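Structure at a glance
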Amino acid sequence: MARRTEYDDPIEIVRMARLAVKEANMRATRMQGQTTQQLMQRVKDLKYWSGEIDRELADVKEEHDDLLRCYRRLQLCLDITGRATRCNESCLAVRRKKVQVGDHTSDRVDMELHKEKELMSETVKQMKEVGERVERQLEVNQAARKNLLRDLTLKQEAISLDHKSVAIGADGTKAVVRTPDGDRLDFREGAPLQRMSEYSEWIENTGNNLNYAARARVHSRKIGQKLCQSLRELASQLRTEAIAVEALLKDSVRNWQEWKDNLHSQVNGKDKEIKNADGAIEEISFSLKQKSGPLQVALSRQNQRGLRPGIELCNDKAQHALHQELMMLKGTFLSLENQLDKAKESRKKLENDRDKLQRKLDICDHNLTIDNEILRQIRSSYPHEIQLSGFLLSETKEHR
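Residues numbered from 1 in each chain as written. Predicted model: local features only at pLDDT ≥ 70, side-chain atom pairs only at ≥ 80, totals over all residues. Heavy atoms only, no water.

The protein chain is annotated in an unreviewed UniProt entry as Tektin of Caenorhabditis nigoni. Quoted straight from UniProt, the Subcellular location (unreviewed entry) entry for the protein chain says "Cytoplasm, Cytoskeleton, Cilium axoneme". Recorded in UniProt for the protein chain, the comment headed Sequence similarities (unreviewed entry) runs: "Belongs to the tektin family." (UniProt positions renumbered as here; feature names shortened; annotations may be inferred.)

This is the structure in structure tokens:
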């Protein structure tokens, strides 16, 4: 009996060892089941957040594409506004060739064209500023998409690894006892030192990425809406100014036409007066020719009577009658010559007035040609409001 107390019973030891092994196996199985459940829950969480990321990516892509379309529309609007600016510059260059005669309407057209030029410059400046904001927002959207894609990639890789972990725990007969690094297992806080991706760090910032992407998406939508509204307002202002220029140009053409018709009637009136003056000059000249014959006869008679000899003087009634006839003819002749000089002077003045009116008429015709033909032709190429707002007529359906 003393000998039995020196050592334990081997059967009891075997039984206790089997109980310890069984308990350890049950504890390991229970812990593996709990771990498997946690891994499965983790996979569900990762799938949920992957779905959220995927949805946010789709929304961000949609807003990014809308903002990109608005940006292309803005670039198209800048190009069309450049065409309108070149049209305005051509109009100003053509109007510099006009001859200014103190016409207030033409000055108003020039002032309106300069006002339109300033409005275009301000419009282009505003659109460029908005374009810079859109470019910055596109960069923000790209950064948000990049973060979400990286996060989604990591989530997908984590799902794949957790799936493998669940499969390893479920298939106990084929449990892997070796790690990729060998048989040595290093533990830190109960977890093996194995990276779940090829990146140098693993940071779960899905919430921050989603919030950042949501803010970028909302900001993109606001910028896009404001851009469309701004383009419509700017296009409306440009078109309103263009309509004002067209109205003033029509008034200028109408005034030039009225002035041209008035000058033309005045020139025709001067032509008639000149024709009448020419008729009067011809009539006076004809009268002078008719009076020259009797005057020559009277002068010949007087000279002939002055040759009478002796003491008889030419102081008889015939001499008095001849003297009166000669004086009357000379007076008539001088009066006709005076009337002829006045008629010629009057015709010269009429000719000068007619030349002045003709010069004004030429100026009026020149300016009317510039306004009615050249400028109207140039203004016909001015873009429509739908083009100024960023849509070409041939591309409306495509942009919608």
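A few words now on the overall build of the protein chain. Assigned secondary structure in the protein chain consists of six helices and two strands. In the protein chain, buried positions account for 31% of the 400 residues. If you take every contact in the protein chain between residues at least 6 apart in sequence, the share linking residues at least 24 apart comes to 89%. (Helix = DSSP H or I, 4+ residues; strand = E, 2+ residues; numbered from the N terminus. Buried < 20%, exposed > 50% of the residue type's maximum accessible area, 1.4 Å probe, protein only. Contact = heavy atoms within 4.5 Å.)

Mapped onto the secondary structure, lysine 47 falls in helix 1 (residues 10–95). Setting aside chain neighbours within four positions, we find lysine 47 in contact with Ile159 and His163.

With respect to the helices, strands and loops of the structure, arginine 73 is situated in helix 1. Buried and unpaired, arginine 73 has glutamate 385 as its nearest opposite-charge partner, separated by 9.5 Å. (Lys, Arg positive; Asp, Glu negative; His and termini not counted. Salt bridge = Lys/Arg side-chain N within 4 Å of Asp/Glu carboxyl O.)

This paragraph deals with the packing of aromatic side chains. Tallied over the entire structure, the rule returns two aromatic pairs. Seen in terms of ring centroids, tryptophan 256 and tryptophan 259 are 5.4 Å apart; in terms of plane orientation they differ by 40 degrees. Their pairing is tilted. Linking tryptophan 256 with tryptophan 259, this pair stays in helix 3 (residues 206–305), spanning three residues, or about one helical turn. (Phe/Tyr/Trp six-rings, centres within 6.5 Å; stacked < 30°, edge-to-face > 60°.)

A few words on the UniProt feature "coiled-coil region" (unreviewed entry) in the protein chain. In the UniProt entry, the feature "coiled-coil region" (unreviewed entry) is given for residues 333–367. End C-alpha atoms of residues 333–367 are separated by 50 Å, and the span's content is 100% helix alongside 0% strand.

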